[in-house]
Amino acid sequence: MVAITDVLPRSRAEKAGLLRGDILVSINGKEINDVLDYRFHLANKQIALLVRRGERELEVTITKKEYDDIGLDFETPLMDKKHSCENKCVFCFIDQLPKGMRETLYFKDDDSRLSFLHGNYVTLTNMRDRDIDRIIEMHISPVNVSVHTTNPELRKRMMHNKRAGEVLSYLKRLADAGISLCCQIVLCKGLNDKEELDRSLHDLIALYPALQSVAIVPAGLTQFRDKLYPLEPFTPEESAAVIKQINAYGDWCKRELGTRLVYPSDEFYINAGLPMPADEYYEDYSQIENGVGMLTDMRSAVEYELEDITPYTDYKRRTVSVATGYAAYEHICSLARLIEDKFDGIKVNVYRIKNNFFGELITVSGLLTGKDISEQLADKELGEELFIPSSSLRAEGDVFLDDISPNELSEKLGVTVTPADSEACDFLAKILGTN
């Protein structure tokens, strides 16, 4: 049962007499507890809604097109509280945050509904058989799963959850039911790498064709790891070995199955000092949100866009700057040179920002803070505009992780500060001032 917080004007729900404050009990006899129940049972041409109004219950029938909405709003998008994580993973990034940050940053979600709605990854440990049955009944697909290892005992140790091993059986249940799986492995040196990674990749590939892809990413290690499991970063040589190991499986999959399936993240290539693979390596870029192929995709897209733009495009002759993390620095520099070579009068300064806030082992642009950018660019030539990674701001685009806003950063540096994302059209338009 969920409370209706609003009924949209002139909607089917309003015409049927539903009111704000009514409690939605069921649709076509099926109990409604959250957004998945609601969306699934709403997808019928005729629906009978049982609602509770005070002490009374009444049934309302609505006829509509199969997938049309009826105009109800609820307190939260999930129509329920987020399911929090029941694990204490040895590599958990949230456990490595310093004290004093905004409260929402410390919430650990592990919600299968967010996997379906927003692509979040789940560990399956707070799910039960009935949850898997519901996913199969509703054919919720794909499901994004943080696997980390297919060794049940090792998974229990890494996640500090006694159910972490047994829930691995859900992967086969979902695969057998035709549910697509996108998986990730956070690789921890000395724990789930080498022979354990062999085992995990072998087991996951066996789930094909339900398995869509696997991303292998290194654990992010901040300077706030006091009293946590003693993890170490991969050396350049070890990163190269990880890439070779993963690509051996990917090459086999490509040859035998027609698709690569398993991919190391960009971070491994950067750390190993190896060139990024070509565009075709990443196929449909299924794991780009996990940092797999992001740099290759951006470069390919920028090159493509530059081919279509003549040097006579209406752009502003000016000097601008880009702030980026150490990981993407060389990549952004190469893009800046491409743009400068194409457009006379455009100068792009690229500055790499050392992550003093989280520690120098954190090199991705998405974890830069306003304070670090402000301090390290205070005496730099910034030109007319400074572009910051939009990924370094929270979803609303208003503040960095340290609660400094772009406007505050602009005041400190005396230059216009503009978020820019990694999408080629946006990046080019921002640099050229044509957006």
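From a predicted model like this one, the values you see are computed outputs, not experimental measurements.

Peer 1: Give me the lowdown on the environment of Tyr 170, citing residues and values where you can.
Peer 2: One can find Tyr 170 in helix 6 (residues 169-176). In this structure, the C-alpha to C-alpha distance between Tyr 170 and Thr 125, residues 45 residues apart in sequence, is 10.0 Å. A distance of 3.2 Å separates a polar atom in the side chain of Tyr 170 from a polar atom in the side chain of Asp 129.

Peer 1: So, helix 2 (residues 35-42): which residues are in play, and what are the values?
Peer 2: Most of helix 2 is tucked away: six of the eight residues are buried. Every buried residue of helix 2 is accounted for by Val 35, Leu 36, Asp 37, Tyr 38, His 41 and Leu 42. Where helix 2 begins, the side chain of Asp 34 points an oxygen toward the backbone nitrogen of Asp 37, at a separation of 3.1 Å.

Peer 1: Just give me the short version of the packing of aromatic side chains, but keep the residues and values in it.
Peer 2: The final tally for this structure, using the stated rule, is eight aromatic pairs. Ring geometry for Tyr 263 against Tyr 281: centres 5.8 Å apart, planes inclined by 80°, an arrangement best described as edge-to-face. One end of the pair, Tyr 263, is in strand 10 (residues 262-264); the other, Tyr 281, is in the loop between helix 9 (266-272) and helix 10 (294-308), and 18 residues separate them in sequence. Each member of the pair Tyr 263 and Tyr 281 is classed as buried. Measuring from centroid to centroid gives 4.8 Å for Tyr 281 and Tyr 282, while their planes differ by 80°, and the two rings are edge-to-face.

Peer 1: Please give an account of unusual backbone geometry that cites residues and values.
Peer 2: The peptide bond linking Ser 141 to Pro 142 adopts the cis configuration, its omega dihedral lying at 0°. Looking at the secondary structure, you find Pro 142 in the loop between helix 4 (129-138) and strand 7 (143-146). For His 139, which is not a glycine, the phi torsion comes out positive at approximately 50°. Mapping His 139 onto the fold places it in the loop between helix 4 and strand 7. Residue classification places His 139 among the partly exposed positions, given a relative accessible area of 45%.

Peer 1: Break down the pattern of salt bridges for me, citing the residues and quoting the values.
Peer 2: Tallied over the full model, the rule gives 27 salt bridges. Between Arg 12 and Asp 68 there is a salt bridge, and its shortest N-O distance comes to 3.5 Å. Pair noted here: Arg 12 is in helix 1 (residues 12-15) and Asp 68 is in the loop between strand 5 (56-63) and strand 6 (72-74), with a separation of 56 residues, a long-range link. By relative accessible area, Arg 12 is classed as partly exposed at 33%.

Peer 1: Report on the sheet that holds strand 10, specifying residues and quantitative values.
Peer 2: Pairing in this open sheet of four strands is parallel, and the strands run 7-8-9-10 from one edge to the other. A single partner strand is all that each edge strand has here, and the edge strands are strand 7 and strand 10. Taking the axes of each pair of neighbouring strands and ignoring which way they run, one obtains an average angle of 20° across the sheet. Sheet topology places strand 7 next to strand 8 (residues 181-187); four bridges connect them, and they run parallel.

About the cut-offs
Residues numbered from 1 in each chain as written. Predicted model: local features only at pLDDT ≥ 70, side-chain atom pairs only at ≥ 80, totals over all residues. Heavy atoms only, no water. Helix = DSSP H or I, 4+ residues; strand = E, 2+ residues; numbered from the N terminus. Polar contact = N/O pair within 3.5 Å; in protein donor to acceptor, adjacent residues only side chain to side chain. Buried < 20%, exposed > 50% of the residue type's maximum accessible area, 1.4 Å probe, protein only. Phe/Tyr/Trp six-rings, centres within 6.5 Å; stacked < 30°, edge-to-face > 60°. Salt bridge = Lys/Arg side-chain N within 4 Å of Asp/Glu carboxyl O. Pairing = 2+ DSSP bridges. Axes fitted to C-alpha atoms, helices over the stretch in contact; angles between N-to-C directions.

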